Amino acid sequence: MNFIRTVIIALPKGFYTTLKHLFKKPVTRKYPYERREMAPRYRGKHYLERYDDGTERCVCCGLCAASCPADAIYMEGGETDNGERFAKVYEINLLRCIFCGFCEEACPEEAIFLGHEYEFSDDNRDSFIYTKEQMLANRPKEKPFKRIIRKVRRIF
Amino acid sequence: MSSADDNKVTLTIDGREVTVPRGMTVLEAAKSIGIEIPTFCWHPKLKPVGACRMCYVEIEKMPKLAVSCATEAMPGMVVHTDSDLVKQGRRAVLEFILLNHPLDCPTCDKGGECDLQDLTFAHGIDDSQFDFNKYRFIRDKKSTFDDYRLGPEIIRNQNRCILCYKCVRSNKEVFGEYDLGAFQRGNITEIDTGPGQQVDSIYSGNLVEICPVGALTNTDWRYNIRVWKTQKVNSICQYCADGCNLTLWKDRQKIYRATSRRNDAIDEGWICNRGRYGYQIANAEGRLTVPLIKRGERQENATWDEAIELIARRFKEIKDKKGGVCIGGLAYPGLDSASLYAFSKLFRTILNSNNVDFRIDYKMLPEEPGDLYTQITSRKFSIAGIENSDVVLVIGSNLINEHPITNLRVRKVVTQKGAKLYTLNPFATKSGDISTDEIIYRAGTVEALINGLCVSIVEQKLASDTVDASKLATRVEPNTVAQAAKISGVEADRIVGLAQALGEAKHITLITGELLSTSITRDAITAAIMNLALLCGMAENGQIGFLSKYANSKGAEKLGVMPLLSDSLIAEMKTLWGGYPEQKGLGADRMILSAKKEEIDALFVMGSDPMLCYPDGQFVREGIEKLDFLVVADLFETRTTQMADVVLPLSSIAEMSGDFVNLEGTVQHFDQAIKPLGQSMPGYDICNKIASALKEPLFESVARMQPDIMRLLLREENPEIQRELREVKTSVEQASGEYTVPLFVVDQAHHFAHLTERSKSLSAFCSEAHLELSPSMAEKLHAETGTLIRVESEVGKVILPVIISEHIDNDVAVVTRNFSANPVNDLQMRKQRVDYVRLTRVEEK
């Protein structure tokens, strides 16, 4: 009886499940070739925003660094040629960062955002010091019609 | 009611009764019992003005809210500081103040320590009833905000200004500067300089510190760091002997700024720009970080072990062959006490030599112990004590440059307490502008002038009873007012007038400065001054201040970093160390002379630059060239380190903790702010390493040595003033031949010793040596500001740009020293009392 229950009945039942999944859409992704669409509020790697004329929004006020619970942000201020304040050095230690998003929350200039990028593995610690240039380059490209909508919104 | 009660008033503040002296304001009365009233424009050291209206309080039976900073406390007043009406008033005031305020806190340097931020958070509302555009000051179309340079270091942003007028008021009331004012009115009022002026006084940094918002900022701190990221370290200013208390603001291994730490006994919360920006030398470029050893012609990097081994070997050779007398030591009196003590101990116990000195900028030091000048300088002096005086007499001192904060106290007693200031100088100085009489004597005749004063005091029968004045005429030369007037070139009635003022004064503060202490006739001048002091009764009612110059000059004196010490100090050292070298030591100038004669073979210079500072360039160059072995420890490469066989990197004051003794004799401790840069070491460690390599360590740890140091520093040596008039004969030198213009080598207001040249901010005020001339003298030479003039003396010549002075009005040449590019000490001669020069215009080709 035992033989009937475990082999004769269970085996075709198992094959049936396998057979059923052959015709279903797979849940796994072919990861390096295929990437997940993240939720809109997903907190990934940071990026720095620019003004429309290309100047950096960040004025190095230090509120992100002050609000950072992991003390991951280091910054040094400087003066531009026309006497305005800017961040000469802006570094985030991604190994310390806990991706809480407080920096984004604290920023009075809407300069820093946490983007959707989640891939940052490397084989040495130094490359996890995320510099300002990398952060500015990491800014996602806006689709043209979205930009127009944003500009129109700003006017009203 | 008794008379004591007449001076007191009793009032009720928030239900608490308080008794305060009459004349106190309601605000101060509230503060005295710990009730804080918010203010912007009130400052404890300034007169009330009531500009901001933030300090509103409700006083019963008064129709409206009253400004507590300008309302005098009256008997029976009932004050409420926290009623609903007061809260409403404060809200309204803040709303008005924020009317045009840009709220650019993220970019504003004051963010985090701003009174407006704090008080708005505490008392304001986050909304405004006004919806029109804010008024904007814009100078430059390119930028959205108005940043405008008022001076070399001060930047003004008028949009942020809340018009408390603290900057303008302190500038006028305390510093006596009139270069800043409020222009226009209403909401377009602007804080600005007069046309063509700029804010560059020695006190200008205080205006930034006093500003409650970010309207005045300085380039030093500008945009570098946020205040909450820094840590505060208690420090003491390392330049002049005033000993102002500082706070250093540091983060990691960098110091970002220095601000004052109010100490009412010394600085009252004001510091000069040297103290404020002078910290920059710690992080300046060009610091020495590794020891250097001269191999062949070049100095090459070496390790500490190599350097110490070489020093020990050479010192031992010389000591064994010729004895310790052939080794000399010069220490910079701006080093901490522990370093100076270790230096003295190294020489006296290990090297068995008495040749230690700190007085590098003195001409012709005494050769016998117990000279009058050294005795008198060890007497006590109090900066706060100046306030008791009704006459302040300044002799031979450009006080504002030498001791800026003592000068502020003199200003205070003169402008606020009605004392009289008399200055006796060979040329007019900026401090003299508030003096009752500014007496300009002919260079090198100050004893004659003081003798004249003494004679006049006796003639007017104003002399003190405690001294026998009848012998005066036989002891001094010249002994009539007319003769004195003739020699010194001062009108006789001015001498008589000053003598009368001195004779009638109840409490006199006498201040003398560098022009006397570095002079070769300092003993005769001191004797003349002591005669004057006795005749005026200054020993009982008054104080005599022979002000020492460097941050720790007084400490160096007390620790015995001098060749000739008093017997009591030698006895003290014998008990501390168990031994003391027998032979008489040599002073700084004699050491160089002996080096020139090849009697001294090795010299250890710690922290100073005799090649630039000793007042005879040629003499010191010849002396140092003849040395067999020269060891120099310093922060930077200097003229002296260039000639050294071994150069050791010294730590700056910010990199160690220790103490300074200021001109009053107060021992003040400072803390370590940052780690020693590179391989540099504090002076005491260097001395200890050398001592260990030679024989045995000087100390186990600095803390263990501290009791010995304190024993010497706290030793009271207040020698009795001899109650007898001294002999003072005047010898007058005349200018010879073609060199006729008397030369005075002084410090620039923004520079001190050989170090501050490295401070970026101080160099923004002044970065090169100048020749200061009176307008008439400049006219004679057809010179304008910036014209190059060749200054020639018998021994050297220097080409310097001219500054036409607002103060000087006689024919003298005043040059500023301590700039390595222009070694003006080349013009001076060691044996000459007054150096005379010839000025000619450099013709452009």
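Before any of the text, the structure's been laid out above.
Residues numbered from 1 in each chain as written. Chains lettered and ligands numbered in written order. Predicted model: local features only at pLDDT ≥ 70, side-chain atom pairs only at ≥ 80, totals over all residues. Heavy atoms only, no water.

## Brief notes about the overall build of chain A
At step 1: Along its length, chain A carries 5 helices and 5 strands.
At step 2: Starting at the N terminus, the α and β elements of chain A follow one another as α-β-α-β-β-α-β-β-α-α.
At step 3: For 156 residues, the compact-globule estimate of 2.2 N^0.38 gives 15 Å, and chain A exceeds it by more than 25% at 24 Å.
At step 4: Expressed as lengths along the three principal axes of its C-alpha atoms, the size of chain A is roughly 90 × 40 × 25 Å.
At step 5: Relative to all contacts within chain A whose residues are 6 or more apart in sequence, the contacts with residues 24 or more apart total 70%.
At step 6: Per element, the accessible surface of chain A, about 11,700 Å² overall, is 56% carbon and sulfur.
At step 7: Seen as two clouds, the 28 positive and the 23 negative side-chain charges of chain A have centres 14 Å apart. (Helix = DSSP H or I, 4+ residues; strand = E, 2+ residues; numbered from the N terminus. Rg over C-alpha atoms; globule rule 2.2 N^0.38 Å. Contact = heavy atoms within 4.5 Å. Areas by Shrake-Rupley, 256 points an atom, 1.4 Å probe, with all protein chains shown as cover. Lys, Arg positive; Asp, Glu negative; His and termini not counted. Charge placed at Lys NZ, Arg CZ, Asp CG, Glu CD.)

## Focus on the overall build of chain B
At step 1: Regarding its fold elements, chain B presents 28 helices and 35 strands.
At step 2: At 29 Å, chain B has a C-alpha radius of gyration in line with the 28 Å of a compact globule built from 845 residues.
At step 3: Taken over the C-alpha atoms alone, chain B extends approximately 90 × 70 × 65 Å along its principal axes.
At step 4: Pairs at least 24 apart in sequence give 74% of the contacts found in chain B among residues at least 6 apart.
At step 5: Counting only carbon and sulfur atoms, one obtains 47% of the accessible surface of chain B, whose full area is about 32,900 Å².
At step 6: Charge-centre separation for chain B: the mean point of 99 positive side chains lies 2 Å from the mean point of 114 negative side chains.

## As for the pattern of salt bridges
Residues and elements named next belong to chain B.
At step 1: Scanning all chains against the criterion turns up 49 salt bridges over all chains.
At step 2: One salt bridge connects Lys 549 with Glu 514, and the closest N-O pair in it is separated by 3.1 Å. Note that Lys 549 is positioned in the loop between strand S23 (542–546) and helix H19 (553–558) and Glu 514 in helix H17 (residues 514–517), a separation of 35 residues in sequence.
At step 3: A relative accessible area of 10% places Lys 549 in the buried class.
At step 4: Classification of Glu 514 by relative accessible area gives buried; the value is 7%. (Salt bridge = Lys/Arg side-chain N within 4 Å of Asp/Glu carboxyl O. Buried < 20%, exposed > 50% of the residue type's maximum accessible area, 1.4 Å probe, protein only.)

## Observations regarding the sheet that holds strand S5 (residues 129–130) of chain A
All names here are of chain A.
At step 1: An order of S2-S3-S5 is seen for the 3 strands of this open sheet, with the pairing classed as antiparallel. Taken across any chain shown, the strands that pair with only one partner, and hence form the sheet edges, are strand S2 (73–79) and S5.
At step 2: Here strand S3 (residues 85–93) runs beside S5; their pairing, made up of 2 bridges, is antiparallel. Paired with Ile 92 across the two strands is Tyr 130, which belongs to S5. (Pairing = 2+ DSSP bridges.)

## Comments concerning the interface of chain B and chain A
At step 1: Listed per partner, the contact involves 17 residues of chain B and 18 residues of chain A.
At step 2: In this assembly, chain B packs against chain A so that about 1,300 Å² is buried in total across both faces, 54% of it on carbon and sulfur atoms.
At step 3: Inspection of the region where chain B meets chain A yields 2 salt bridges.
At step 4: Note that Arg222(B) is salt-bridged to Glu79(A), the shortest N-O span being 3.2 Å.
At step 5: The interface formed by chain B and chain A holds 6 residue pairs in polar contact (both at pLDDT 80 or more) in total.
At step 6: Of the residues belonging to the side of chain B that touches chain A, the class tally is 6 nonpolar, 4 polar and 7 charged. (Buried area = accessible area lost by both parts, 1.4 Å probe. Polar contact = N/O pair within 3.5 Å; in protein donor to acceptor, adjacent residues only side chain to side chain. Nonpolar A, V, L, I, M, F, W, Y, C, P; charged D, E, K, R; others polar.)

## Comments concerning the pairing of S23(B)
On a regular strand, each side chain points to the face opposite its neighbour's, so the side chains alternate between the two faces of the sheet.
All names here are of chain B.
At step 1: In terms of burial, S23 is largely enclosed, as 5 of its 5 residues are buried.
At step 2: Residues Gly 542, Ile 544 and Phe 546 point to one face of S23 and Gln 543 and Gly 545 to the other, with burial holding for every one of them.
At step 3: Here strand S22 (residues 508–512) runs beside S23; their pairing, made up of 5 bridges, is parallel. Looking across to S23, one finds that Ile 508 is bridged to Gly 542.

## Some points on the nonpolar core
Residues and elements named next belong to chain B.
At step 1: Of all hydrophobic cores here, the largest spans 151 residues; its most connected members are Phe 315, Leu 346 and Phe 604.
At step 2: Contacts of Phe 315, omitting those with residues within four sequence positions, involve Ile 327, Leu 351, Ala 602, Phe 604, Phe 629, Val 631, Ile 690 and Leu 694.
At step 3: Ranked by size, the runner-up nonpolar core spans 76 residues in total, among them Ile 457, Ala 588, Met 591 and Ile 721. (Core = buried A, V, L, I, M, F, W, Y, C linked by side-chain atoms within 4.5 Å.)

## Thoughts on unusual backbone geometry
At step 1: In this model, Glu477(B) is joined to Pro478(B) through a cis peptide bond whose omega is 0°.
At step 2: Unlike most non-glycine residues, Glu110(A) shows phi in positive territory, near 50°.
At step 3: Inspection of the secondary structure puts Glu110(A) in the loop between helix H3 (102–106) and strand S4 (112–114).
At step 4: The phi angle at Leu163(B) is positive, at roughly 55°, despite the residue not being glycine.
At step 5: Within the secondary structure, Leu163(B) sits in the loop between strand S7 (154–156) and helix H5 (166–173).

## Some remarks on the sheet that holds strand S32 (residues 788–792) of chain B
At step 1: Read around the closed barrel, 6 strands run S30-S34-S31-S33-S32-S35 (chain B), paired in mixed fashion. Between one strand axis and the next, the sheet turns through 45° on average, direction left out of account. (Axes fitted to C-alpha atoms, helices over the stretch in contact; angles between N-to-C directions.)

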